[in-house]
Amino acid sequence: MFHKMSFLLLLLVPTVSADVMGDIFARVLTLYAAGQTTLNETAVSSLIRQLEERVQCGNKTCEKCLKTQYLFDVVNKTSEKQMDAHGYLQLSEPLLYYISDPHGACSAYNQGDLMTKAHIFINETKTTDIQETTLNFLESVAPTYQGTKKPCINNQHLLNTTSDIGELPAALLTTVLEGSCLNTLPLPKYFVGYIYRHLANGSTILHLEGLIKLMTNLSLVTEDHDHDHEEDTDHDHDEGTDHEADTDHEVETDHEEDHDHENHEAHNQTEHRRKRSLAKANTLHEDHWDQTCFSPEDILTIYGMNTEEGIPQEKFIEISPSLLQQQLSQACAKAESVVDIGGKLTTAEKYIYGSIATLIICLCSLCGISILLVHIVYSCLTVRHSILREFGCGILDWRCRVTSYSPAPGPTRSQ
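Residues numbered from 1 in each chain as written. Predicted model: local features only at pLDDT ≥ 70, side-chain atom pairs only at ≥ 80, totals over all residues. Heavy atoms only, no water.

**Student:** Sorry, what's going on with the side chain of Thr144 here?
**Tutor:** Considering the arrangement of structural elements, one finds Thr144 in the loop between helix H8 (130–141) and strand E3 (149–153). In this structure Thr144 comes out as buried when scored by relative accessible area, which is 12%. Polar contacts involving the side chain of Thr144 include one to the main-chain carbonyl oxygen of Ile99, which spans 2.3 Å. Apart from residues no more than four positions distant in its own chain, Thr144 is found in contact with Arg54, Val55, Gln56, Ile99, Ser100 and Pro102. (Helix = DSSP H or I, 4+ residues; strand = E, 2+ residues; numbered from the N terminus. Buried < 20%, exposed > 50% of the residue type's maximum accessible area, 1.4 Å probe, protein only. Polar contact = N/O pair within 3.5 Å; in protein donor to acceptor, adjacent residues only side chain to side chain. Contact = heavy atoms within 4.5 Å.)

**Student:** Sorry if this is basic, but what is going on with the packing of aromatic side chains here?
**Tutor:** The geometry of an aromatic ring pair is captured by the separation of the ring centres together with the interplanar angle, meaning the angle of the planes. One pass over the full model with this rule turns up seven aromatic pairs. Between Phe25 and Tyr88, the aromatic rings sit 5.8 Å apart at their centres with planes inclined by 50°, giving tilted as the arrangement. Residue Phe25 is located in helix H2 (residues 18–32), and its partner Tyr88 is located in helix H5 (residues 85–100); the two are separated by 63 residues in the primary sequence. Residues Phe25 and Tyr88 agree in their burial class; the two are buried. (Phe/Tyr/Trp six-rings, centres within 6.5 Å; stacked < 30°, edge-to-face > 60°.)

**Student:** Whenever I open this one, the packing of helix H7 (residues 114–125) against H8 confuses me. Can you help?
**Tutor:** Two quantities define a packed helix pair, namely the angle between the axes and the distance from one axis to the other. Two numbers describe how H7 lies on H8: the axes approach to 9 Å, and their chain directions differ by 130°. In terms of orientation, H7 and H8 fall into the oblique class. Contact with H7, carried on its side by Phe121, Ile122 and Thr125, involves Thr133, Asn136, Phe137 and Ser140 of H8 and no other residues of that element. A class-by-class count of the residues in the contact of H7 with H8 yields three nonpolar, four polar and no charged. (Axes fitted to C-alpha atoms, helices over the stretch in contact; angles between N-to-C directions. Parallel < 35°, antiparallel > 145°, perpendicular 65-115°, else oblique. Nonpolar A, V, L, I, M, F, W, Y, C, P; charged D, E, K, R; others polar.)

**Student:** Is there a simple way to think about H8 in this case?
**Tutor:** An α-helical turn contains 3.6 residues, so any two residues separated by three or four positions project in the same direction. Taking 1.5 Å of rise per residue, the twelve residues of H8 would be expected to cover 16 Å, and the 17 Å separating its terminal C-alpha atoms lies within 8% of that figure. Every buried residue of H8 is accounted for by Thr133, Thr134, Phe137, Leu138, Ser140 and Val141. For H8, the buried positions fall inside an angular range of 165° around the axis, keeping them on one side. Those residues of H8 that are buried lie in contact with H5, H7, helix H9 (155–161), helix H10 (168–178) and strand E4 (180–182). (Expected span 1.5 Å × (residues − 1). Arc of directions from axis to C-beta.)

**Student:** Where do I start with the state of the cysteines in this structure?
**Tutor:** As enumerated under the stated definition, the model contains four disulfides in all. Across the disulfide from Cys293 sits Cys332; the S-S distance is 2.1 Å. Of note, the bridge from Cys293 to Cys332 carries an S-S torsion of about 95° and is right-handed in sense. Taken together, the residues span a long stretch of sequence, with Cys293 in the loop between helix H14 (263–290) and helix H15 (296–302) and Cys332 in helix H17 (residues 331–341) at a distance of 39 residues. For Cys293, a relative accessible area of 17% translates into the label buried. Of note for the protein chain: the bonded cysteines, numbered N- to C-terminal, pair according to 1-2, 3-4, 5-6, 7-8. Among the cysteines around Cys362, which has no disulfide bond, Cys364 carries the closest sulfur, lying 9.3 Å off. Not part of a disulfide, Cys364 finds its nearest cysteine sulfur in Cys367, a span of 6.3 Å. (Disulfide = S-S within 2.5 Å.)

**Student:** Looking at this model, I keep getting lost on the nonpolar core. Mind explaining?
**Tutor:** Soluble globular proteins: nonpolar side chains tend toward being buried together. Residues Leu39, Leu51, Tyr88 and Ile99 are the most contacted members of the largest nonpolar core, which totals 55 residues. Elements that contribute at least two residues to this core include exactly H2, helix H3 (41–54), helix H4 (68–74), H5, helix H6 (102–111), H7, H8 and H10. A total of nine residues in this core trace back to one element, the largest contributor, which is H5. Membership of the second largest hydrophobic core comes to 22 residues, among which are Tyr196, Met215, Val221 and Ile311. (Core = buried A, V, L, I, M, F, W, Y, C linked by side-chain atoms within 4.5 Å.)

The structure is reproduced here in C-alpha coordinates:
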(Lines give C-alpha, C1' and ligand atoms only; values in the text may rest on other atoms or scores of the structure.)
Protein backbone atom coordinates (compact mmCIF):
# COMPACT_ATOMS: atom_id res chain seq x y z
CA MET A 1 0.00 0.00 0.00
CA PHE A 2 2.80 2.36 0.87
CA HIS A 3 4.57 1.77 -2.44
CA LYS A 4 1.35 2.39 -4.35
CA MET A 5 0.86 5.71 -2.56
CA SER A 6 4.44 6.73 -3.30
CA PHE A 7 3.99 5.79 -6.96
CA LEU A 8 0.85 7.91 -7.26
CA LEU A 9 2.61 10.90 -5.70
CA LEU A 10 5.54 10.55 -8.06
CA LEU A 11 3.16 10.86 -10.99
CA LEU A 12 2.51 14.43 -9.81
CA VAL A 13 6.18 15.39 -10.26
CA PRO A 14 6.62 17.68 -13.31
CA THR A 15 8.30 16.31 -16.44
CA VAL A 16 12.07 16.66 -16.28
CA SER A 17 13.76 19.03 -18.68
CA ALA A 18 16.54 16.89 -20.15
CA ASP A 19 19.09 19.64 -20.65
CA VAL A 20 18.61 21.64 -17.44
CA MET A 21 18.02 18.65 -15.17
CA GLY A 22 20.94 16.90 -16.82
CA ASP A 23 23.23 19.78 -15.82
CA ILE A 24 21.93 19.68 -12.24
CA PHE A 25 22.39 15.91 -11.99
CA ALA A 26 25.87 16.18 -13.55
CA ARG A 27 26.94 18.32 -10.59
CA VAL A 28 25.72 15.57 -8.23
CA LEU A 29 27.60 12.92 -10.20
CA THR A 30 30.77 15.01 -9.89
CA LEU A 31 30.41 14.88 -6.10
CA TYR A 32 29.54 11.21 -5.57
CA ALA A 33 30.05 9.23 -8.78
CA ALA A 34 32.61 10.92 -10.99
CA GLY A 35 32.73 9.44 -14.46
CA GLN A 36 29.43 7.58 -13.98
CA THR A 37 25.99 8.25 -15.44
CA THR A 38 23.95 7.12 -12.42
CA LEU A 39 24.20 6.97 -8.63
CA ASN A 40 24.72 3.51 -7.18
CA GLU A 41 23.95 2.39 -3.64
CA THR A 42 27.33 3.55 -2.29
CA ALA A 43 26.92 7.00 -3.83
CA VAL A 44 23.42 7.42 -2.41
CA SER A 45 24.69 6.37 1.04
CA SER A 46 27.42 9.03 0.84
CA LEU A 47 24.81 11.59 -0.24
CA ILE A 48 22.60 10.80 2.77
CA ARG A 49 25.52 10.88 5.21
CA GLN A 50 26.79 14.24 3.98
CA LEU A 51 23.28 15.70 3.97
CA GLU A 52 22.70 14.69 7.59
CA GLU A 53 26.03 16.23 8.63
CA ARG A 54 25.11 19.60 7.15
CA VAL A 55 21.70 19.80 8.76
CA GLN A 56 21.95 21.15 12.30
CA CYS A 57 19.28 21.63 14.97
CA GLY A 58 20.80 24.44 17.00
CA ASN A 59 24.21 23.33 18.22
CA LYS A 60 23.53 19.60 17.93
CA THR A 61 23.09 17.12 15.11
CA CYS A 62 19.51 16.46 14.06
CA GLU A 63 17.81 13.10 13.91
CA LYS A 64 19.16 10.62 11.36
CA CYS A 65 16.42 8.48 9.92
CA LEU A 66 16.96 8.30 6.14
CA LYS A 67 17.85 4.87 4.74
CA THR A 68 19.39 4.08 1.37
CA GLN A 69 17.04 1.17 0.72
CA TYR A 70 14.02 3.40 1.42
CA LEU A 71 15.14 5.98 -1.13
CA PHE A 72 15.55 3.35 -3.81
CA ASP A 73 12.11 1.99 -2.94
CA VAL A 74 10.62 5.46 -3.35
CA VAL A 75 11.90 5.82 -6.92
CA ASN A 76 11.15 2.15 -7.69
CA LYS A 77 14.82 1.33 -8.30
CA THR A 78 15.13 -1.48 -5.74
CA SER A 79 16.27 -4.12 -8.20
CA GLU A 80 18.61 -1.99 -10.28
CA LYS A 81 20.11 0.05 -7.41
CA GLN A 82 20.98 2.75 -9.98
CA MET A 83 19.49 6.23 -9.67
CA ASP A 84 19.27 8.49 -12.74
CA ALA A 85 18.33 12.18 -13.12
CA HIS A 86 14.61 11.43 -13.00
CA GLY A 87 15.00 9.50 -9.75
CA TYR A 88 17.09 12.32 -8.26
CA LEU A 89 14.32 14.80 -9.07
CA GLN A 90 11.83 12.56 -7.27
CA LEU A 91 14.06 12.32 -4.19
CA SER A 92 14.64 16.07 -4.01
CA GLU A 93 11.23 16.68 -2.42
CA PRO A 94 11.57 14.38 0.66
CA LEU A 95 15.23 15.33 1.12
CA LEU A 96 14.42 19.03 0.96
CA TYR A 97 11.61 18.46 3.44
CA TYR A 98 14.10 16.71 5.74
CA ILE A 99 16.46 19.73 5.57
CA SER A 100 13.70 22.18 6.46
CA ASP A 101 12.19 20.09 9.28
CA PRO A 102 14.32 17.12 10.38
CA HIS A 103 12.13 16.19 13.32
CA GLY A 104 8.91 16.35 11.30
CA ALA A 105 10.44 14.37 8.42
CA CYS A 106 11.71 11.60 10.70
CA SER A 107 8.36 11.44 12.44
CA ALA A 108 6.63 11.11 9.07
CA TYR A 109 9.21 8.49 7.99
CA ASN A 110 8.49 6.35 11.06
CA GLN A 111 4.78 6.57 10.34
CA GLY A 112 5.26 5.62 6.69
CA ASP A 113 3.98 8.85 5.10
CA LEU A 114 7.17 10.80 4.40
CA MET A 115 6.34 11.23 0.71
CA THR A 116 2.87 12.55 1.54
CA LYS A 117 4.22 15.11 4.02
CA ALA A 118 6.98 16.08 1.61
CA HIS A 119 4.48 16.66 -1.18
CA ILE A 120 2.36 18.83 1.13
CA PHE A 121 5.45 20.82 2.11
CA ILE A 122 6.40 21.45 -1.53
CA ASN A 123 2.88 22.55 -2.47
CA GLU A 124 2.67 24.94 0.50
CA THR A 125 6.02 26.47 -0.43
CA LYS A 126 5.24 26.95 -4.11
CA THR A 127 3.40 29.98 -5.47
CA THR A 128 2.41 31.11 -8.93
CA ASP A 129 5.51 33.32 -9.04
CA ILE A 130 8.79 31.43 -9.52
CA GLN A 131 10.87 34.14 -7.83
CA GLU A 132 8.65 34.10 -4.75
CA THR A 133 8.82 30.30 -4.73
CA THR A 134 12.61 30.39 -4.88
CA LEU A 135 12.76 32.74 -1.90
CA ASN A 136 10.35 30.52 0.04
CA PHE A 137 12.53 27.46 -0.56
CA LEU A 138 15.68 29.31 0.51
CA GLU A 139 14.06 30.65 3.68
CA SER A 140 12.66 27.22 4.57
CA VAL A 141 16.06 25.48 4.60
CA ALA A 142 18.29 28.36 5.76
CA PRO A 143 17.61 28.00 9.54
CA THR A 144 18.82 24.36 9.73
CA TYR A 145 21.36 24.21 6.91
CA GLN A 146 25.02 24.96 7.65
CA GLY A 147 26.92 25.91 4.47
CA THR A 148 30.32 27.59 4.37
CA LYS A 149 31.37 27.54 0.72
CA LYS A 150 31.44 30.99 -0.87
CA PRO A 151 30.15 32.80 -2.80
CA CYS A 152 26.75 32.41 -1.20
CA ILE A 153 23.84 31.41 -3.39
CA ASN A 154 20.75 33.63 -3.60
CA ASN A 155 17.47 33.25 -5.42
CA GLN A 156 18.89 34.74 -8.62
CA HIS A 157 21.58 32.06 -8.80
CA LEU A 158 18.94 29.35 -8.56
CA LEU A 159 16.84 31.03 -11.23
CA ASN A 160 19.91 31.12 -13.47
CA THR A 161 20.21 27.36 -12.96
CA THR A 162 16.63 26.55 -13.93
CA SER A 163 13.49 28.40 -14.94
CA ASP A 164 11.23 25.40 -14.25
CA ILE A 165 9.47 25.70 -10.91
CA GLY A 166 9.31 21.91 -10.66
CA GLU A 167 13.11 21.61 -10.79
CA LEU A 168 13.79 24.15 -8.04
CA PRO A 169 13.89 21.51 -5.24
CA ALA A 170 16.52 19.52 -7.15
CA ALA A 171 18.56 22.65 -7.88
CA LEU A 172 18.47 23.77 -4.23
CA LEU A 173 19.29 20.27 -2.98
CA THR A 174 22.35 20.18 -5.26
CA THR A 175 23.47 23.55 -3.87
CA VAL A 176 23.16 22.16 -0.33
CA LEU A 177 25.16 19.04 -1.23
CA GLU A 178 27.90 21.25 -2.71
CA GLY A 179 28.13 23.09 0.64
CA SER A 180 27.46 26.60 -0.66
CA CYS A 181 26.16 29.10 1.85
CA LEU A 182 22.73 30.60 1.26
CA ASN A 183 21.85 34.27 1.01
CA THR A 184 18.22 35.11 1.71
CA LEU A 185 18.75 38.89 1.58
CA PRO A 186 17.20 40.91 -1.27
CA LEU A 187 19.07 42.07 -4.35
CA PRO A 188 20.28 45.70 -4.52
CA LYS A 189 17.54 46.60 -7.00
CA TYR A 190 14.88 45.71 -4.43
CA PHE A 191 15.09 49.07 -2.67
CA VAL A 192 14.55 51.18 -5.79
CA GLY A 193 11.83 48.76 -6.86
CA TYR A 194 10.07 49.20 -3.51
CA ILE A 195 10.07 52.99 -3.89
CA TYR A 196 8.69 52.84 -7.41
CA ARG A 197 6.02 50.29 -6.49
CA HIS A 198 4.65 52.56 -3.76
CA LEU A 199 5.23 55.99 -5.27
CA ALA A 200 4.97 55.32 -9.01
CA ASN A 201 2.16 52.72 -8.90
CA GLY A 202 4.46 50.04 -10.29
CA SER A 203 5.66 52.19 -13.18
CA THR A 204 9.32 52.58 -14.09
CA ILE A 205 8.96 56.39 -14.09
CA LEU A 206 8.66 58.47 -10.93
CA HIS A 207 6.85 61.71 -11.76
CA LEU A 208 6.93 65.00 -9.86
CA GLU A 209 3.92 64.04 -7.73
CA GLY A 210 5.70 60.89 -6.59
CA LEU A 211 8.87 62.82 -5.76
CA ILE A 212 6.85 65.33 -3.74
CA LYS A 213 5.22 62.47 -1.83
CA LEU A 214 8.63 60.90 -1.17
CA MET A 215 10.14 64.14 0.10
CA THR A 216 7.05 64.76 2.22
CA ASN A 217 7.45 61.36 3.88
CA LEU A 218 11.10 62.26 4.54
CA SER A 219 9.98 65.60 6.06
CA LEU A 220 11.92 67.48 3.40
CA VAL A 221 8.99 69.50 2.07
CA THR A 222 5.72 70.82 3.43
CA GLU A 223 2.42 71.62 1.77
CA ASP A 224 3.70 75.13 1.08
CA HIS A 225 6.86 73.97 -0.73
CA ASP A 226 6.02 76.09 -3.80
CA HIS A 227 5.91 79.24 -1.66
CA ASP A 228 9.14 78.29 0.05
CA HIS A 229 10.76 77.78 -3.34
CA GLU A 230 9.91 81.35 -4.38
CA GLU A 231 11.37 82.73 -1.15
CA ASP A 232 14.58 80.75 -1.70
CA THR A 233 14.87 82.12 -5.23
CA ASP A 234 14.51 85.70 -3.98
CA HIS A 235 17.06 84.98 -1.26
CA ASP A 236 19.55 83.65 -3.80
CA HIS A 237 19.05 86.73 -5.97
CA ASP A 238 19.71 89.05 -3.01
CA GLU A 239 22.87 87.13 -2.14
CA GLY A 240 24.10 87.45 -5.70
CA THR A 241 23.46 91.21 -5.68
CA ASP A 242 25.30 91.64 -2.37
CA HIS A 243 28.22 89.61 -3.69
CA GLU A 244 28.47 91.83 -6.78
CA ALA A 245 28.30 94.93 -4.62
CA ASP A 246 31.14 93.62 -2.43
CA THR A 247 33.22 92.89 -5.51
CA ASP A 248 32.69 96.41 -6.87
CA HIS A 249 33.66 97.86 -3.49
CA GLU A 250 36.91 95.89 -3.44
CA VAL A 251 37.73 97.06 -6.96
CA GLU A 252 37.20 100.67 -5.94
CA THR A 253 39.39 100.19 -2.86
CA ASP A 254 42.16 98.67 -4.96
CA HIS A 255 41.90 101.54 -7.40
CA GLU A 256 42.46 104.09 -4.61
CA GLU A 257 45.47 102.18 -3.31
CA ASP A 258 47.08 102.24 -6.78
CA HIS A 259 47.42 106.01 -6.45
CA ASP A 260 49.25 105.65 -3.10
CA HIS A 261 51.91 103.10 -4.10
CA GLU A 262 54.22 102.47 -6.96
CA ASN A 263 52.91 100.58 -9.96
CA HIS A 264 54.84 97.34 -9.35
CA GLU A 265 53.96 97.05 -5.66
CA ALA A 266 50.35 98.00 -6.32
CA HIS A 267 50.07 95.27 -8.95
CA ASN A 268 51.35 92.60 -6.52
CA GLN A 269 49.00 93.71 -3.78
CA THR A 270 46.04 93.79 -6.15
CA GLU A 271 46.81 90.27 -7.39
CA HIS A 272 47.10 89.00 -3.83
CA ARG A 273 43.75 90.55 -2.89
CA ARG A 274 42.11 89.12 -5.98
CA LYS A 275 43.22 85.56 -5.17
CA ARG A 276 42.13 85.91 -1.56
CA SER A 277 38.76 87.29 -2.65
CA LEU A 278 38.21 84.42 -5.07
CA ALA A 279 39.08 81.81 -2.42
CA LYS A 280 36.73 83.45 0.04
CA ALA A 281 33.97 83.65 -2.56
CA ASN A 282 34.29 79.93 -3.38
CA THR A 283 34.09 79.01 0.31
CA LEU A 284 31.04 81.19 0.83
CA HIS A 285 29.44 79.72 -2.30
CA GLU A 286 29.74 76.14 -1.01
CA ASP A 287 28.62 77.02 2.51
CA HIS A 288 25.62 78.87 1.14
CA TRP A 289 23.96 75.70 -0.22
CA ASP A 290 24.56 73.79 3.05
CA GLN A 291 21.52 75.43 4.65
CA THR A 292 19.29 75.63 1.57
CA CYS A 293 16.09 73.62 1.47
CA PHE A 294 15.57 72.46 -2.10
CA SER A 295 12.08 71.80 -3.43
CA PRO A 296 11.26 68.78 -5.62
CA GLU A 297 11.36 71.06 -8.66
CA ASP A 298 14.83 72.24 -7.63
CA ILE A 299 16.08 68.66 -7.37
CA LEU A 300 14.87 67.82 -10.88
CA THR A 301 16.34 71.03 -12.28
CA ILE A 302 19.72 70.41 -10.64
CA TYR A 303 19.99 66.98 -12.29
CA GLY A 304 18.68 68.22 -15.62
CA MET A 305 15.45 66.23 -15.50
CA ASN A 306 12.12 67.32 -16.93
CA THR A 307 9.29 67.60 -14.40
CA GLU A 308 6.87 66.15 -16.94
CA GLU A 309 9.01 63.18 -18.00
CA GLY A 310 9.82 62.10 -14.43
CA ILE A 311 12.72 60.02 -13.09
CA PRO A 312 13.52 56.58 -14.57
CA GLN A 313 14.61 53.86 -12.14
CA GLU A 314 18.17 53.84 -13.44
CA LYS A 315 18.39 57.61 -12.81
CA PHE A 316 16.94 57.56 -9.31
CA ILE A 317 20.30 56.58 -7.83
CA GLU A 318 21.68 59.91 -9.10
CA ILE A 319 19.28 62.04 -7.05
CA SER A 320 19.56 59.89 -3.90
CA PRO A 321 22.61 61.83 -2.56
CA SER A 322 20.61 65.06 -2.70
CA LEU A 323 17.90 63.56 -0.49
CA LEU A 324 20.52 62.30 1.97
CA GLN A 325 22.18 65.72 2.02
CA GLN A 326 18.86 67.37 2.83
CA GLN A 327 18.36 64.95 5.71
CA LEU A 328 21.88 65.47 7.08
CA SER A 329 21.80 69.28 6.84
CA GLN A 330 18.29 69.51 8.36
CA ALA A 331 17.82 72.59 6.21
CA CYS A 332 14.18 71.82 5.45
CA ALA A 333 13.44 71.16 9.12
CA LYS A 334 14.92 74.54 10.05
CA ALA A 335 12.92 76.25 7.32
CA GLU A 336 9.75 74.59 8.58
CA SER A 337 10.42 75.72 12.14
CA VAL A 338 10.79 79.32 10.91
CA VAL A 339 7.42 79.08 9.21
CA ASP A 340 5.87 77.72 12.37
CA ILE A 341 7.02 80.74 14.33
CA GLY A 342 5.16 82.99 11.89
CA GLY A 343 1.75 81.60 12.88
CA LYS A 344 1.60 77.84 12.39
CA LEU A 345 1.88 75.50 15.32
CA THR A 346 4.01 72.42 15.34
CA THR A 347 2.53 69.06 16.28
CA ALA A 348 4.16 69.21 19.73
CA GLU A 349 2.77 72.69 20.35
CA LYS A 350 -0.72 71.56 19.34
CA TYR A 351 -0.57 68.73 21.87
CA ILE A 352 0.75 71.01 24.62
CA TYR A 353 -1.81 73.76 24.07
CA GLY A 354 -4.61 71.23 23.73
CA SER A 355 -3.64 69.60 27.02
CA ILE A 356 -3.51 72.97 28.78
CA ALA A 357 -6.94 73.92 27.43
CA THR A 358 -8.41 70.60 28.56
CA LEU A 359 -6.90 71.04 32.03
CA ILE A 360 -8.36 74.55 32.37
CA ILE A 361 -11.81 73.33 31.33
CA CYS A 362 -11.68 70.49 33.86
CA LEU A 363 -10.58 72.83 36.66
CA CYS A 364 -13.37 75.26 35.83
CA SER A 365 -15.87 72.42 35.91
CA LEU A 366 -14.63 71.30 39.33
CA CYS A 367 -14.88 74.86 40.64
CA GLY A 368 -18.43 75.17 39.34
CA ILE A 369 -19.45 71.90 40.96
CA SER A 370 -17.86 72.96 44.26
CA ILE A 371 -19.69 76.29 44.25
CA LEU A 372 -22.96 74.55 43.43
CA LEU A 373 -22.52 72.10 46.31
CA VAL A 374 -21.74 74.92 48.77
CA HIS A 375 -24.80 76.81 47.60
CA ILE A 376 -27.02 73.73 48.02
CA VAL A 377 -25.72 73.05 51.53
CA TYR A 378 -26.13 76.70 52.51
CA SER A 379 -29.67 76.76 51.15
CA CYS A 380 -30.58 73.63 53.06
CA LEU A 381 -29.26 75.08 56.31
CA THR A 382 -31.11 78.35 55.75
CA VAL A 383 -34.40 76.59 55.10
CA ARG A 384 -33.90 74.45 58.20
CA HIS A 385 -33.34 77.50 60.41
CA SER A 386 -36.39 79.22 58.95
CA ILE A 387 -38.59 76.19 59.61
CA LEU A 388 -37.33 75.85 63.19
CA ARG A 389 -37.80 79.55 63.81
CA GLU A 390 -41.35 79.59 62.53
CA PHE A 391 -42.21 76.41 64.42
CA GLY A 392 -40.74 77.79 67.69
CA CYS A 393 -42.57 81.06 67.32
CA GLY A 394 -45.84 79.21 66.80
CA ILE A 395 -45.39 77.16 69.95
CA LEU A 396 -44.57 80.25 72.06
CA ASP A 397 -47.58 82.07 70.71
CA TRP A 398 -49.85 79.14 71.57
CA ARG A 399 -48.50 78.94 75.12
CA CYS A 400 -49.01 82.64 75.64
CA ARG A 401 -52.58 82.40 74.51
CA VAL A 402 -53.25 79.45 76.81
CA THR A 403 -51.66 81.21 79.81
CA SER A 404 -53.50 84.51 79.31
CA TYR A 405 -56.92 82.80 79.07
CA SER A 406 -58.84 82.72 82.56
CA PRO A 407 -62.49 81.45 82.80
CA ALA A 408 -65.28 83.57 84.69
CA PRO A 409 -65.83 82.63 88.43
CA GLY A 410 -69.00 80.53 89.11
CA PRO A 411 -71.55 80.85 92.14
CA THR A 412 -70.34 79.69 95.49
CA ARG A 413 -72.02 77.03 97.60
CA SER A 414 -72.80 79.48 100.48
CA GLN A 415 -74.95 81.60 98.26
